[in-house]
Amino acid sequence: MMATNDVRGLTPALGVPLTSFLTVMFALVSWGSFTDDRFPYLGPILVAGLLVVGTGVSARLLRVHGAVVVLLQLLFGTIATSLLVVHHPMPVTAGGRARVVAEMTEAYTAFNPFDLPMSGSGIAPYLIPGGVAAVLLADILAVSMRRPPMMGLVVLGVFTVPFSIIGAGGWGGVSWVTFALTATTFLVMLRLDRAQQLGRWGRRLDEDLPIAPAAGPAVIGVSAVAIALLAPAWMPSPDITLPGLGPGDGNGPLRVINPTVGLYDDLRRQSDEIMVSVTPVYGDTETPPTYLRVGALTKFTGTEWTSGNRDVPSDQTGVATFEPPMSDPTLLGAETTYQLRASNKFQSTWLPVFTHPLEVIAKGPWRYDEDTLDFMSTEGRDATVAGQQWRTTSAPVEPSQQRLLAAGEPGVGAPPGMTDLPLLPDEVEEIALAKTADQDRPFTKAVALQNWFRHSGEFTYSLERDVGTDAAALVDFLTDNKVGYCQQYATAMAVLARELGIPARVAFGFLRGDEDEDGVWHFRGRDLHAWPELWFEDIGWVRFEPTPAAADTSEPNYTTGALGNAPDEPEAPVPSAGTSVAPVPNRPQREAPDTPEVTDTADEESNAGAVWAGVGIVALLGAVALAAPAVIRRRRRRARLGGDVEAAWTELGDTAIDLGLPWSGTRSPREEAGILSPHLQGREPMLALQRIVAAVERDRYAEHGAGAAVGEDVRLVSAALREHADKSSRRRARLWPASIFRRPAAQASDGPTSRSERELISS
């Protein structure tokens, strides 16, 4: 238990700032949901945060004004953050601003909630400034404004970031360890702040009385943390779990997170890692399995397709048997049963199954959406498909072209919300209407859209084209650049179909695999794919393939010749300058030899100059900080010697402290003088000290305090003390005065005790 004694000096001054800093750092661990490696953002935040906190502690010990302290922290924090993120010390200059804009633009373009977790270096330019800002704001609230409880709002804001972007659950939420550490350091900070505030009152007057117990607040704080940790175990929600307690038993909507992890990255680098291995058990074991479906995205936000909220019943188990997903079983082909196994590399919270499953047997916390037949983990990142085995029986959809042509009005019998769209530019609807102007049936309109993407020769498949995600980028893809990979084509066709009133969604999974000598099919990272599915009356969801043939895709048989002609697959169009076509992206591509890049010497010199300029600025600021105590001490001495008796007495005490002489500030003037007397030589300094003591006693205890000036006597005594001290003590007192870093005791003239004494004497 911490006693509430006098709280002075360097150690108490560090207590609240450091615990506040640790509280924010523990909370920032929750941002690890965005990246596969926490060090690229936590390391720089630790360095810059320590600089911010250290600047605040040093400036406050030097008695710098509070507003100036915050400005210094902001300056040092900005310089450190800029150096760590863009290697330039001043982000407000022309060169620094250009680098900041370029770095943040690149990070913003690369960020996609579906591609999480990202590489640490890719998202660090956003996380580092945000983390340093959280540290600075917490220090201002807890220390500068002396409002530690308000610092809890900063922690709440830090925790809210992953919740708002990713969602709750074991992956997008806050682990119980992180929460417990954050709450503990927060409670310690509150306790230290309370002890520091009580310590300012000085020594206890009732030392012989028992100290009042302080266990009550601690019990309340610990109980609150325990309730926050244990309550989710009894809450009816499938999104919140505790280690070993399993999924919740709720019946509410389940938010599915991160369904397309690594799709673009694995496609772009042509990853040869095996993700899923499939062994046909019985049924059609000769036909190569294709379109291993992981899940479906049903909601378009204007910038991306998401899984939306799913209504998942709580009574589902790992064994599921379905009625044929079509209204007419004759639309299904032959059944095939597969044994599937995921590698440890495939960290997916969705369970892959072949399209239109009839039975699925899987162990684990898997539940399925009855509308989409997607299988999802109810424990988020705490339970993935990695290393798991499961079995599925499925049948391909083989509707005849005549049946599709006879489909009635679009949307009949479709799940709700499958034609919803946000506000999009008018060009998107105009394109959808223009490309299907000659068609009057939902199916022929869909085929017309597919043929435009695949057979018009206007579009080019390329993995080198970084396409944005907003509505403007969609319009640009449809009208101008027309270069992209499967995700862009699936997105574009699904959006255009919804503009026409045809229910549509985007499915994602694997296109096809490679067979080994044992008859096992291996689906690799390079086989990842996305495609649109459209709904037709009395048929259900039907797959389309708008991605050009250059991507080693083929259109479904039921779409060939649907418009009265069977277009031949054209040669893959030659990409424009600056892009490259991946002719067979779902097969291994030999890496081109690395070509040494020509280094821009001017850029290197500019970078080196910027770094050295930053080092110079930091060194200059460090020199100023080192010289500040001596400057502040001289200014205080000059002001006090021209002031009243108490100011002069304080100056004498600080001189003794600077020289390393005993001075408590809590003893009576005569006791302090008696301790200093042995360090004086000569009659005049002794007489001067006696005059100072007499003046202080008259000022404090006489009915009408005498306003005698004792500045010259203090100068004389101080000079005698310095002359008697050794050389090293004099040098230390001049360059690094200790009194600057010592919290002064409350002056008697300012306290309630002195006022009571004066009233007693006058009465």
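On a predicted model such as this, the values are computed, not experimentally measured, just so you know.

Digging into the overall build of the protein
Each helix and strand counted, the protein has 21 helices and 21 strands in total. In the protein, which comprises 763 residues, the proportion classed as buried is 47%. By sequence separation, contacts in the protein at least 24 residues apart represent 75% of the contacts at least 6 residues apart. Of the roughly 36,700 Å² that the protein leaves accessible, carbon and sulfur atoms contribute 57%.

Focus on the packing of aromatic side chains
Going through the model one piece at a time under the given rule, you end up with 20 aromatic pairs. Ring geometry for Phe443 and Phe536: centres 6.0 Å apart, planes at 75 degrees, overall edge-to-face. With a gap of 93 residues between them, Phe443 in helix H12 (residues 442–455) and Phe536 in strand E20 (residues 528–536) connect regions that are remote in the sequence. For the ring pair Phe459 and Tyr489, a centre distance of 5.9 Å and an interplane angle of 70 degrees mean the geometry is edge-to-face. Taken together, the residues span a long stretch of sequence, with Phe459 in the loop between H12 and strand E15 (460–461) and Tyr489 in helix H14 (residues 486–499) at a distance of 30 residues. The pair formed by Phe459 and Tyr489 is uniform in burial state, with each residue classed as buried. Through a chain of ring-to-ring contacts, three or more aromatic side chains come together here, namely Tyr338, Phe346, Phe354, Phe510 and Phe523. The lysine or arginine in question, Lys482, covers the ring of Phe459, its NZ or CZ lying 5.4 Å from the ring centre. If you follow Arg543 out to its NZ or CZ, it ends over the ring of Tyr291, 3.9 Å from the centre.

A look at unusual backbone geometry
Of note in the backbone geometry, His356 takes a positive phi value of approximately 60 degrees without being a glycine. On the secondary structure map, His356 appears in the loop between strand E10 (353–354) and strand E11 (357–362). Using a relative accessible area of 16% as the deciding quantity, one classes His356 as buried. In the Ramachandran plot, Asp538 falls in the positive-phi region, its phi being about 60 degrees despite a non-glycine side chain. Along the chain, the position of Asp538 falls in the loop between E20 and strand E21 (540–543).

Some points on the nonpolar core
Core analysis: the biggest nonpolar cluster contains 73 residues, and Phe453 and Phe536 have the highest contact counts within it. One finds Phe34, Ile45, Ala134 and Met189 within the second-largest nonpolar core, a separate group that totals 44 residues.

So, the pairing of strand E3 (residues 290–297)
The side chains of a regular strand alternate between the sheet's two faces. Burial analysis of E3 places seven of its eight residues in the buried class, the great majority of the element. The pairing of E3 with strand E17 (residues 504–512) spans six bridges and is antiparallel. Directly across from Leu297, in E17, lies its bridge partner Val506. As paired strands, E3 and E10 are joined by two bridges and run antiparallel to one another. Bridging across to E10, Arg293 finds its partner in Val353.

As for the sheet that holds E17
One open sheet accounts for five strands, arranged E10-E3-E17-E20-E21; its pairing is antiparallel. The outermost strands of the open sheet, each flanked by one partner alone, are E10 and E21. Taken together, the four bridges between E20 and E21 define a ladder with antiparallel strand orientation. Paired with Phe536 across the bridge in E21 is Gly540.

Considerations on the packing of helix H16 (residues 645–658) against helix H19 (residues 711–724)
Across the interface, H16 lies against H19 with an axial gap of 10 Å and an inter-helix angle of 5 degrees. If you check the angle between H16 and H19, you find them roughly parallel. Here H16 contributes Ala648, Glu651, Leu652 and Thr655 to the contact with H19, which in turn contributes Val714, Val717, Ser718, Leu721 and Arg722. Residues that form the contact of H16 with H19 fall into these classes: five nonpolar, two polar and two charged.

Here's the deal with the packing of helix H13 (residues 471–479) against H14
The description of two packed helices rests on the angle between their axes and on the distance between the axes. Interhelical geometry of H13 versus H14 gives an angle of 95 degrees and a closest axis separation of 11 Å. When the axes of H13 and H14 are compared, the pair comes out roughly perpendicular. Residues Leu474, Phe477 and Leu478 of H13 form the contact with H14, whose participating residues are Gln488, Tyr489, Ala492, Val495 and Leu496. Among the residues forming the contact of H13 with H14, the class breakdown is seven nonpolar, one polar and no charged.

Description of the environment of Pro548
Looking at where Pro548 falls in the secondary structure, it is placed in the loop between E21 and helix H15 (601–641). Judged by its relative accessible area of 5%, Pro548 is buried. In this structure, the C-alpha to C-alpha distance between Pro548 and Asn451, residues 97 residues apart in sequence, is 9.3 Å. In contact with Pro548, not counting residues within four places along its chain, are Phe453, Arg454, Phe459, Tyr461, Tyr489 and Thr553.

Remarks on a negative patch on the surface
Taken together, the side chains of Asp426, Glu427, Glu429 and Glu430 make up a negatively charged region of the molecular surface. By the secondary structure assignment, Asp426 is in helix H11 (residues 426–435). Asp426 sits in the exposed class, given a relative accessible area of 56%.

Digging into the pattern of salt bridges
Applying the stated criterion across every chain, the model contains 18 salt bridges. For Arg60, the salt bridge goes to Asp139, with nearest N and O atoms at 2.7 Å. Here the residue Arg60 occupies a position in helix H2 (residues 39–61), and Asp139 occupies one in helix H5 (residues 120–144), the gap between them amounting to 79 residues. Looking at Arg60, the relative accessible area reads 23%, which means it is partly exposed. Here Asp139 falls in the buried class, since its relative accessible area comes to 1%.

Digging into the sheet that holds strand E13 (residues 375–377)
The pairing of strands in a sheet comes from backbone hydrogen bonds and takes either a parallel or an antiparallel form. What the three strands build is an open sheet, ordered E9-E13-E12; its pairing is antiparallel. If you trace the sheet from one side to the other, it starts and ends with strand E9 (350–351) and strand E12 (366–368), each paired once. Here E12 pairs with E13 via three bridges, running antiparallel. Paired with Tyr368 across the strands is Phe375, a residue of E13.

Observations concerning H13
Considered for burial, the residues of H13 that qualify are Ala471, Ala473, Leu474, Val475, Phe477 and Leu478. Those residues of H13 hidden inside the fold are in contact with H11, H12, strand E16 (483–484) and H14.

Conventions adopted
- Residues numbered from 1 in each chain as written.
- Predicted model: local features only at pLDDT ≥ 70, side-chain atom pairs only at ≥ 80, totals over all residues.
- Heavy atoms only, no water.
- Helix = DSSP H or I, 4+ residues; strand = E, 2+ residues; numbered from the N terminus.
- Buried < 20%, exposed > 50% of the residue type's maximum accessible area, 1.4 Å probe, protein only.
- Contact = heavy atoms within 4.5 Å.
- Areas by Shrake-Rupley, 256 points an atom, 1.4 Å probe, with all protein chains shown as cover.
- Phe/Tyr/Trp six-rings, centres within 6.5 Å; stacked < 30°, edge-to-face > 60°.
- Lys NZ or Arg CZ within 6 Å of the ring centre and 35° of its normal.
- Core = buried A, V, L, I, M, F, W, Y, C linked by side-chain atoms within 4.5 Å.
- Pairing = 2+ DSSP bridges.
- Axes fitted to C-alpha atoms, helices over the stretch in contact; angles between N-to-C directions.
- Parallel < 35°, antiparallel > 145°, perpendicular 65-115°, else oblique.
- Nonpolar A, V, L, I, M, F, W, Y, C, P; charged D, E, K, R; others polar.
- Patch = residues over 30% accessible without salt bridge, like charges linked within 9 Å, V, L, I, M, F, W, Y side chains within 5 Å.
- Salt bridge = Lys/Arg side-chain N within 4 Å of Asp/Glu carboxyl O.
- Lys, Arg positive; Asp, Glu negative; His and termini not counted.
- Charge placed at Lys NZ, Arg CZ, Asp CG, Glu CD.

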